[in-house]
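Chain by chain, the residues run as shown.
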Amino acid sequence: MKIHWLRAATLAIAACAGLPLAASAQGPAFHLSDAVVDPVTASLSDEPFLPATHSRASYASANYARSNFASANLGGEPCQACAEEAAAEEAECEPWRLFCQKDCGVNVYGWLDGGIMGNTQSPHSGFNGPVTFPDRWDGQMNQAYVIAEKTIDTGGCGTDWGGRVDFLYGTDYIYTMATGLELRDDGTPKWNSNPDYGLALPQAYVELGYNDVSLKVGHFYTAHGYEVVPVTGNFFYSHANAMQYGEPFTHTGALATWKVDDNLSLLGAFVNG
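**Q** For the overall build of the protein chain, give the residues involved together with the corresponding values.
**A** On a plain count of helices and strands, the protein chain comes out with four helices and seven strands. Relative to its full complement of 273 residues, the protein chain shows a buried share of 28%. Sequence separation of 24 or more characterises 52% of the internal contacts of the protein chain that already satisfy a separation of 6 or more. Of the roughly 17400 Å² of accessible surface on the protein chain, a fraction of 60% belongs to carbon and sulfur atoms.

Dropping the structure here:
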């Protein structure tokens with residue numbers, strides 16, 4: 001129902017003075033604390049909601065259901081019971097993590113990966129021939145992978161710094177080593193002696209960001225190709241020959257990235273292999 005202009009003016013004056021006000025005898029009695037408040041402008045609405053049935057119970061029920069301001073909740077926040085229920089539901093959906101992934105500057109995470117690649121010839125050596133990563137027919141643990149990372153986030157404006165170190169232990173190590181790091185110049189391993197299981201450091205770099213431009217310096221994965229070394233970035237357990245024999249896996253040097261917009265990024269690098 002529309003409120004007469006005189007009543008609306010009286011409500012506004014009383015609101016400024018902080019005084020309680022009762023309506024006329026034609027409507028239900030109410031106070032300013034019962035009036036509907038616009039959550040955006042934080043001002044009294046020019047048309048507080050009044051139910052057709054002028055009873056105190058129906059008035060309070062209707063206004064509570066509509067605005068959720070029954071307890072002077074001017075911010076539009078849910079009631080305490082609803083908030084506790086929502087928090088309980090959110091807590092139930094939170095995955096258990098070994099390390100903090102939200103508030104820490106450096107996040108630590110990883111995965112375990114293994115599998116069996118069948119071979120009807122059952123080779124005595126257990127080697128699957130030209131197949132690389134799943135190269136054992138009798139089962140293997142490909143990757144016990146651990147990452148320590150601080151990502152940069154400039155928000156498109158400002159500066160930030162970060163970095164990342166990857167540790168790969170498993171049978172995939174032999175395909176991820178680089179000369180000068182895990183390998184000597186003659187191709188012999190520096191610290192790995194087991195031909196099946198060993199440790200590789202596929203990434204170790206620092207990163208600087210300024211507005212929409214970032215720069216990686218160190219040892220990092222290549223930007224070429226569709227398939228990658230980390231198993232979380234691939235659809236299949238096995239890999240295409242193009243990835244295994246036609247692409248580099250890692251580089252050492254510097255990689256600059258300019259994020260032009262959400263759909264286009266330009267990369268430029270100076271690397272050593």
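Next comes the rest of the account.
**Q** Any chance you could break down a nonpolar patch on the surface for me, citing the residues and the numbers?
**A** Taken together, Val-146, Val-165, Phe-167, Tyr-169, Trp-191 and Leu-199 make up a surface patch of nonpolar side chains, about 480 Å² in accessible area. For the nonpolar patch, the leading source of residues is strand β3 (residues 159-170), giving three residues. Residue position: Val-165 is located in strand β3. A residue is classified by how much of its surface remains accessible, and Val-165, at 31% relative accessible area, is partly exposed.

**Q** Let's hear about the sheet that holds strand β6 (residues 250-261): which residues, and what values?
**A** Pairing in this open sheet of seven strands is antiparallel, and the strands run β1-β2-β3-β4-β5-β6-β7 from one edge to the other. Each end of this open sheet is capped by a strand with a single partner; those strands are β1 (107-115) and β7 (264-271). Taken over all neighbouring pairs, the strand axes of this sheet differ in orientation by 15° on average, direction set aside. Of the pairings in the sheet, the one linking β6 to β7 comprises eight bridges and is antiparallel in character. Within the sheet, the bridge partner assigned to Leu-255 lies in β7 and is Ala-269.

**Q** Would you mind going over unusual backbone geometry in detail, with residue names and values included?
**A** With a phi close to 45°, Ser-122 is a non-glycine residue in the positive phi region. Position of Ser-122 relative to the elements: it lies in the loop between β1 and β2 (140-150). The class for Ser-122 is partly exposed, based on a relative accessible area of 38%. A positive phi angle is found at Asn-211, which is not glycine, with a value near 55°. Tracing the backbone shows Asn-211 in the loop between β4 (198-210) and β5 (213-221).

**Q** Describe the pairing of β2, listing the residues and the values that go with them.
**A** In terms of burial, β2 is a largely internal element, eight of the eleven residues being buried. Relative to β2, β1 is paired through nine bridges, and the arrangement is antiparallel. The residue of β2 that forms the bridge with Val-108 is Ala-148. Summarising the sheet, β2 and β3 pair through seven bridges and their orientation is antiparallel. Residue Glu-149 lies in a different strand from β3, and its bridge partner there is Arg-164.

**Q** Got a sec to walk through the environment of Gly-158? Specific residues and values, please.
**A** Among the secondary structure elements, Gly-158 is positioned in the loop between β2 and β3. The sequence separation of Gly-158 and Asp-212 amounts to 54 residues, and the corresponding C-alpha distance is 8.8 Å. Setting aside residues no more than four positions away along its own chain, Gly-158 makes contact with Gly-209, Tyr-210 and Asn-211.

**Q** Which residues make up the side chain of Asn-192, and what values do they have?
**A** Assignment of secondary structure puts Asn-192 in the loop between β3 and β4. Among the residues examined, Asn-192 registers a relative accessible area of 12% and is labelled buried. Among the polar contacts listed, one links the side chain of Asn-192 to the backbone nitrogen of Leu-199, at a separation of 2.8 Å. Ignoring sequence-local partners within four residues, the contact set of Asn-192 consists of Tyr-173, Met-177, Gly-198 and Leu-199.

**Q** Just give me the short version of the pattern of salt bridges, but keep the residues and values in it.
**A** Per the stated rule, a full pass over the model turns up five salt bridges. Asp-138 is the salt-bridge partner of Arg-136, the closest N and O atoms lying 3.7 Å from each other. Its salt-bridge partner being Glu-149, residue Arg-164 comes within 3.7 Å of it at the nearest N-O pair. Here Arg-164 is found in strand β3, whereas its partner Glu-149 is found in strand β2, with 15 residues between them in sequence.

**Q** Go over the packing of aromatic side chains, please, and point to the residues and values.
**A** Under the counting rule described, the total for this entry stands at five aromatic pairs. Ring plane angle 45° and centroid distance 5.5 Å describe the contact between Phe-133 and Tyr-175, whose orientation is recorded as tilted. Residue Phe-133 is found in the loop between β1 and β2, and its partner Tyr-175 is found in the loop between β3 and β4; the two are separated by 42 residues along the sequence. According to the relative accessible area criterion, Phe-133 is buried, its value standing at 2%.

**Q** Hey, could you go over the side chain of His-219 for me, with residue numbers and the actual values?
**A** Of note, His-219 is situated in strand β5. In this structure the side chain of His-219 is engaged in a polar contact, spanning 3.1 Å, whose partner is the backbone oxygen of His-251. If we ignore the near neighbours within four places in the chain, the residues touching His-219 are Ala-178, Leu-181, Leu-201, Pro-202, Gln-203, Ala-204, Tyr-205, Thr-250, His-251 and Thr-252.

Conventions we followed
Residues numbered from 1 in each chain as written. Predicted model: local features only at pLDDT ≥ 70, side-chain atom pairs only at ≥ 80, totals over all residues. Heavy atoms only, no water. Helix = DSSP H or I, 4+ residues; strand = E, 2+ residues; numbered from the N terminus. Buried < 20%, exposed > 50% of the residue type's maximum accessible area, 1.4 Å probe, protein only. Contact = heavy atoms within 4.5 Å. Areas by Shrake-Rupley, 256 points an atom, 1.4 Å probe, with all protein chains shown as cover. Patch = residues over 30% accessible without salt bridge, like charges linked within 9 Å, V, L, I, M, F, W, Y side chains within 5 Å. Salt bridge = Lys/Arg side-chain N within 4 Å of Asp/Glu carboxyl O. Pairing = 2+ DSSP bridges. Axes fitted to C-alpha atoms, helices over the stretch in contact; angles between N-to-C directions. Polar contact = N/O pair within 3.5 Å; in protein donor to acceptor, adjacent residues only side chain to side chain. Phe/Tyr/Trp six-rings, centres within 6.5 Å; stacked < 30°, edge-to-face > 60°.

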